[in-house]
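# Structural characterization, general
These are the residues of each chain, in order.
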Amino acid sequence: MRKKLFKLHSYTALFAMLPLLVICITGSILVFKSEINTWLMPEQHVVMNQGERQSYDQLAKNMSEAFPDYHLGAWEIFGNIEQQEVIEADRVYLIKNNSFDWYKMHLNPFTGEILSTPVPFEDHYFLDWLVVLHYTLLLKDTQLLPATTGVWLGLVYALCLLFLGISGLVIYRKFWRKLFTVRWRSQLMVVFSDTHKCVGVLASPLLLILGFTGGYFNVVELNHELTEPDSHHEFVIDRPLYNSELSLDAQVASSLASIDGLKISYMTFPYEPELPFVWYGKVPDTNILTSQYASYSAFDKNSGAALASVDAREAGIGYLILDSFRHLHFGNFAGLPIKIIWALFGIAPLLLAITGFWLWYKRRCQRKIKLNKAS
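Residues numbered from 1 in each chain as written. Predicted model: local features only at pLDDT ≥ 70, side-chain atom pairs only at ≥ 80, totals over all residues. Heavy atoms only, no water.

Regarding its fold elements, the protein chain presents eleven helices and ten strands. Projected onto its principal axes, the C-alpha positions of the protein chain cover 85 × 45 × 40 Å. Split into buried and exposed, the 375 residues of the protein chain put 46% on the buried side. In the protein chain, 62% of the contacts between residues at least 6 apart in sequence involve partners at least 24 apart. Of the roughly 20,100 Å² of accessible surface on the protein chain, 61% is carried by carbon and sulfur atoms. Distance between charge centres in the protein chain, computed from 32 positive and 34 negative side chains, equals 28 Å. (Helix = DSSP H or I, 4+ residues; strand = E, 2+ residues; numbered from the N terminus. Buried < 20%, exposed > 50% of the residue type's maximum accessible area, 1.4 Å probe, protein only. Contact = heavy atoms within 4.5 Å. Areas by Shrake-Rupley, 256 points an atom, 1.4 Å probe, with all protein chains shown as cover. Lys, Arg positive; Asp, Glu negative; His and termini not counted. Charge placed at Lys NZ, Arg CZ, Asp CG, Glu CD.)

The subject of this paragraph is the pattern of salt bridges. For the coordinates displayed, the defined rule picks out nine salt bridges. Here K33 ties to D128 by a salt bridge, and the two come within 3.1 Å at their closest N and O atoms. A residue pair is termed long-range when its members are at least 10 positions apart, and K33 in helix 2 (residues 33-40) and D128 in helix 5 (residues 126-136) qualify at 95 residues. The salt bridge partner of K339 is E35, with a shortest N-O separation of 2.8 Å. With a gap of 304 residues between them, K339 in helix 10 (residues 335-346) and E35 in helix 2 connect regions that are remote in the sequence. (Salt bridge = Lys/Arg side-chain N within 4 Å of Asp/Glu carboxyl O.)

Put simply, the protein chain has an average pLDDT of 89, and 93% of its residues get 70 or more. Mean pLDDT across the elements of the protein chain bottoms out in helix 11 (residues 348-374) (84) and peaks in strand 9 (residues 295-299) (98). (pLDDT = per-residue confidence, 0-100.)

Now for the state of the cysteines. The final tally for this structure, using the stated rule, is zero disulfides. As a non-bridged cysteine, C198 has C24 as the owner of its nearest cysteine sulfur, 18 Å distant. When its relative accessible area of 9% is taken as the criterion, C198 is described as buried. (Disulfide = S-S within 2.5 Å.)

Now for the packing of aromatic side chains. Any two aromatic rings considered together are summarised by their centre-to-centre distance and by the angle between their planes. Taken as a whole and judged by the stated rule, the model has 24 aromatic pairs. For the pair F212 and F325, a centre-to-centre distance of 5.7 Å together with 85° between the ring planes defines the contact as edge-to-face. Placement of F212 in helix 7 (residues 188-227) and of F325 in helix 9 (residues 317-330) is noted, with a sequence separation of 113 residues between them. An aromatic cluster of at least three residues, connected via ring pairs, comprises F212, Y216, F217, F325 and F330. (Phe/Tyr/Trp six-rings, centres within 6.5 Å; stacked < 30°, edge-to-face > 60°.)

Moving on, we come to the side chain of N218. Structurally, the position occupied by N218 is in helix 7. Residue N218 is classed as buried on the basis of its relative accessible area, which comes to 9%. Here V151 takes part through its backbone oxygen, which lies 2.8 Å from a polar atom of the side chain of N218. (Polar contact = N/O pair within 3.5 Å; in protein donor to acceptor, adjacent residues only side chain to side chain.)

Quick look at helix 8 (residues 248-258) now. Those residues of helix 8 not exposed but buried are L248, Q251, V252 and S255. Along the long axis of helix 8, the arc covered by the buried residues comes to 100°, so they all point the same way. Looking at the buried residues of helix 8, the elements they touch are helix 4 (56-66), strand 2 (70-76), strand 7 (263-268), strand 8 (277-282) and strand 9. Residue S247 occupies the N-cap position of helix 8, its side-chain oxygen lying 3.3 Å from the main-chain nitrogen of D249. (Arc of directions from axis to C-beta.)

The subject of this paragraph is the sheet that holds strand 9. Across the sheet, which stays open at both edges, the eight strands sit in the order 6-5-4-2-7-8-9-10 with antiparallel pairing between neighbours. The open sheet has two free edges, formed respectively by strand 6 (119-120) and strand 10 (306-310), since each of these has just one partner strand. Here strand 9 runs beside strand 10; their pairing, made up of four bridges, is antiparallel. Bridge pairing in strand 10 links F299 to A306. On top of the sheet, helix 4 reaches strand 2, strand 4 (90-96), strand 5 (102-107), strand 7 and strand 8; it is set at about 140° to strand 2, its chief contact. (Pairing = 2+ DSSP bridges. Axes fitted to C-alpha atoms, helices over the stretch in contact; angles between N-to-C directions.)

Shown next as structure tokens:
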């Protein structure tokens, strides 16, 4: 049984090696997306924290007047959470009129200054392009393949990563006894074998978390793509899909009144016919893995009436577990030390691929030599 599992482990690794390397290396880089963007584009990415944001209504009005050929789609909000002197600028996602093409811009929420013009948000900035490479392998919008091809493949390789992690732990289950033992003075094949086992056993728990959470996100994306009656690939926005007279500030006030201590972090406009306004945020007195999207309030797009409200402190365990996948996958829940750990273990498949492929190749050569001698 162990020999069969070992062969299946080896063949799965060979099948998934290159795509998993791309996924894992890009993922390790993206752990530091905010820090890298601060270094690459400080004028757009960060602003001085001046304490008091301008009103949402005023900021939305300014953006609509500055870019009349675009519709507001979503809004990443940072000044309500961070207490540092320098914080990330708001990122606003726009939809070009007469299309469903999404664009991205940066906004100083304290002064109202527009820090960048709208650009295609998936491929203009390097790290945004890297995100698309990470979860679709750049196969999302090819002409020859279905739009979901990249997401399907991402799910397949996530399952491969799960199998490799579990099968590796089963195959090398006794290696725990001498986990950190690498026989450096032995033959290269022995050194590579010990290194492969040691790195694999140490990295497997985190790689299993990354594979499981990544696979879950792919399932969510596929479910959205396959079950939405109005595919956004064919949907076109030629006018606002909501009552533009509604006050965003009134919605925020209602959200804060219904969810005590809420710190707004993200909101979405009704960019599809059946969607409401939704305001997401973080609340105090929750566990470290509760994300900044765990609590939210929704409002009717025509009347502005409150539709739903969820406080993470009152949510069920299943809801909180699924919400924790965001922090568990991206490693952004406990500062720089956790990010470093996530990044280091995230690139472990690179070392596993090198040592594993070399071991497979050497064993293959040895079998050929034995067969030649036998014949």
